[in-house]
Amino acid sequence: MQRPRERTIDLTSDTVTRPSPGMYEAMVTAELGDEQKGTDPTVNALCDRVAELLGKEAAVFLPSGVMCNTIAILVQCRPGEEVLTSSCAHLLTMECAAPSAIAGVTVRGIEASGGIFSADDILRTIPWTRKRNVPNPTLISIENTCNRGGGSVWPMGHIWEIRQIAVDRGIAMHMDGARLLNASVASGVLPSEYSAPFDTVWIDLSKGLGCPVGAVLAGSSALIENAWVWKHRLGGAMRQAGVLAAAGLYALVHNIERLEEDHKNARKLAAGLGRLNGVRSKWGEPETNIVFLDVSGTAIPAAAIGERLLASGIHIGVESEFELRAITHLDVSEADIDTAVLGFEEVLKR
Ligand SMILES: *Cc1c(COP(=O)(O)O)cnc(C)c1O
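Residues numbered from 1 in each chain as written. Predicted model: local features only at pLDDT ≥ 70, side-chain atom pairs only at ≥ 80, totals over all residues. Heavy atoms only, no water.

At a minimum axis distance of 9 Å, the contact between helix α3 (residues 65–76) and helix α10 (residues 221–233) shows a crossing angle of 115°. Pair α3 / α10 crosses with right-handed handedness. Across from Ile 71, Leu 74, Val 75 and Gln 76 in α3, the residues of α10 making contact are Leu 223, Asn 226, Ala 227, Trp 230 and Lys 231. In terms of residue class, the contact of α3 with α10 is made up of six nonpolar, two polar and one charged. (Axes fitted to C-alpha atoms, helices over the stretch in contact; angles between N-to-C directions. Helix = DSSP H or I, 4+ residues; strand = E, 2+ residues; numbered from the N terminus. Left-handed = near helix turned anticlockwise from the far one by under 90°. Contact = heavy atoms within 4.5 Å. Nonpolar A, V, L, I, M, F, W, Y, C, P; charged D, E, K, R; others polar.)

The structure is reproduced here in structure tokens:
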């Protein structure tokens, strides 16, 4: 009989991390105030730090990335207008249609490999001349890294080409930067360089950075002032939120450079699993911390593999009939990757 494992290796998401002792310490000792009155010094410090990191005038602390996306649309689009993004974008496929339900916009998805579309794709999507009967595109949203594109990293040249069209057509630019710092560490492009062509950009604290809660949206002072109105309306204005912001400040110091370890572990996982019969890394060698696995070659449904893996202490996300997703993060070690590969091999033998 198999001995039950002491702990599960959780590869379902980089949101599963728990605060480290150092992060807890920072939270417990944080100076606090009233966030919605603008008097929480720790929240203010976090917003200043993120604005500086992203090269923007101002930033606002929000409870989640979804709220960042929703508010960015609310402050840049009017009801009936159109947002352009990739067809696999989180804001189009995984946010309960918040852009239409709350902001009243339509979102048009552009098909593109790895979720990375080009300036030509935009030109093919929007009409050359304004037509009365066609929805007016007023925002282009780019997801960097692109989650469902396998953690793909946007090339800077692509972004500037798209920016040129946006400027010519009076379209605003938004970056869903849930994993912008992964993109930055992987590519060497500074977060501020990545953010320069965008009117609004946000980073998630609760993904690879390892915080329990929170995201920060940055932009011009005018846009962020308006974002505050929506933050209140949506119930996102908080009180002693410095306990959460302290985790963010800690993460910005300690958890950015180490993202490279997660990327290394993802490459190791993809390589190890790629050697197993019938298993293939969908996007080849991962650029960052996300690995999609095509297991159709094993003829075993992904759900069955997922169940068997879980029974042996390895938790991987089941995406579709023959697709699994694994995400590395700071609570997964290199040794855990070896264990996961061995466990996967065992499961396929059975
Ligand atoms: C997780 C995620 C979001 C949403 O962030 P939350 O903090 O979970 O609300 C948005 N976009 C992308 C690409 C994500 O991965």
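There is more to say after this.
What follows covers the site of the ligand. For the ligand, the set of nearby residues contains 13 residues, the closest of which are Gly 65, Asp 176, Arg 179, Asp 204 and Lys 207. Note that an oxygen atom of the ligand is positioned 2.9 Å from one of the backbone N or O atoms of Val 66. With the chains in place, 87% of the 380 Å² that the ligand exposes on its own is no longer accessible. Those elements that provide at least two residues to the shell around the ligand are α3 and β7 (200–204). Class assignment of the residues belonging to the shell around the ligand gives a composition of three nonpolar, four polar and six charged. (Near = heavy atom within 4 Å. Polar contact = N/O pair within 3.5 Å; in protein donor to acceptor, adjacent residues only side chain to side chain. Areas by Shrake-Rupley, 256 points an atom, 1.4 Å probe, with all protein chains shown as cover.)

Attention now moves to the environment of Leu 53. Mapped onto the elements, Leu 53 comes out in helix α2 (residues 41–54). With residues up to four places along the chain from it excluded, the contact list for Leu 53 reads Leu 181, Pro 191, Ser 192, Ile 203 and Leu 252.

Let us look at the state of the cysteines. Scanning all chains against the criterion turns up zero disulfides. Of the cysteine sulfurs around Cys 146, a residue in no disulfide, the closest is that of Cys 88, at 3.7 Å. Take Cys 211: it sits in no disulfide, and the sulfur closest to it among the cysteines is that of Cys 47, at 13 Å. Judged by relative accessible area, Cys 211 falls into the buried class, the value being 1%. (Disulfide = S-S within 2.5 Å. Buried < 20%, exposed > 50% of the residue type's maximum accessible area, 1.4 Å probe, protein only.)

With that settled, the discussion passes to the packing of aromatic side chains. All told, the structure shown has one aromatic pair when counted by the stated rule. Aromatic pair Phe 117 and Trp 154: ring centres 5.1 Å apart, planes at 80°, arrangement edge-to-face. Taken together, the positions of Phe 117 in the loop between β4 (106–110) and α6 (119–125) and Trp 154 in the loop between β5 (137–143) and α7 (156–169) put the pair 37 residues apart, joining distant regions of the chain. Just as Phe 117 is buried, Trp 154 falls in that class too. Positioned above the aromatic ring of Trp 228 is the side chain of Lys 231, whose terminal nitrogen or guanidinium carbon lies 4.8 Å from the ring centre. One residue, Arg 233, lies across the ring of Trp 230, its end atom 4.5 Å from the ring centre. (Phe/Tyr/Trp six-rings, centres within 6.5 Å; stacked < 30°, edge-to-face > 60°. Lys NZ or Arg CZ within 6 Å of the ring centre and 35° of its normal.)

Under the UniProt annotation, "domain: Aromatic amino acid beta-eliminating lyase/threonine aldolase" (unreviewed entry) lies at residues 10–295. As a span, residues 10–295 carries 41% helix and 16% strand, and end to end its C-alpha atoms are 19 Å apart. (UniProt positions renumbered as here; feature names shortened; annotations may be inferred.)

A few words on the sheet that holds strand β13 (residues 323–327). Strand pairing within a sheet occurs via backbone hydrogen bonds; the two strands may be parallel or antiparallel. Taken together, four strands build an open sheet; the order of strands is β9-β10-β13-β12 and the sheet is antiparallel. Whereas interior strands pair on both sides, the edge strands pair on one side only; in this sheet they are β9 (280–281) and β12 (317–320). Relative to β13, β12 is paired through three bridges, and the arrangement is antiparallel. Its bridge partner lying in β13, Ser 320 is registered against Glu 323. Contacting β12 and β13, helix α13 (residues 302–311) runs over the sheet at an angle of about 175° to β12. (Pairing = 2+ DSSP bridges.)

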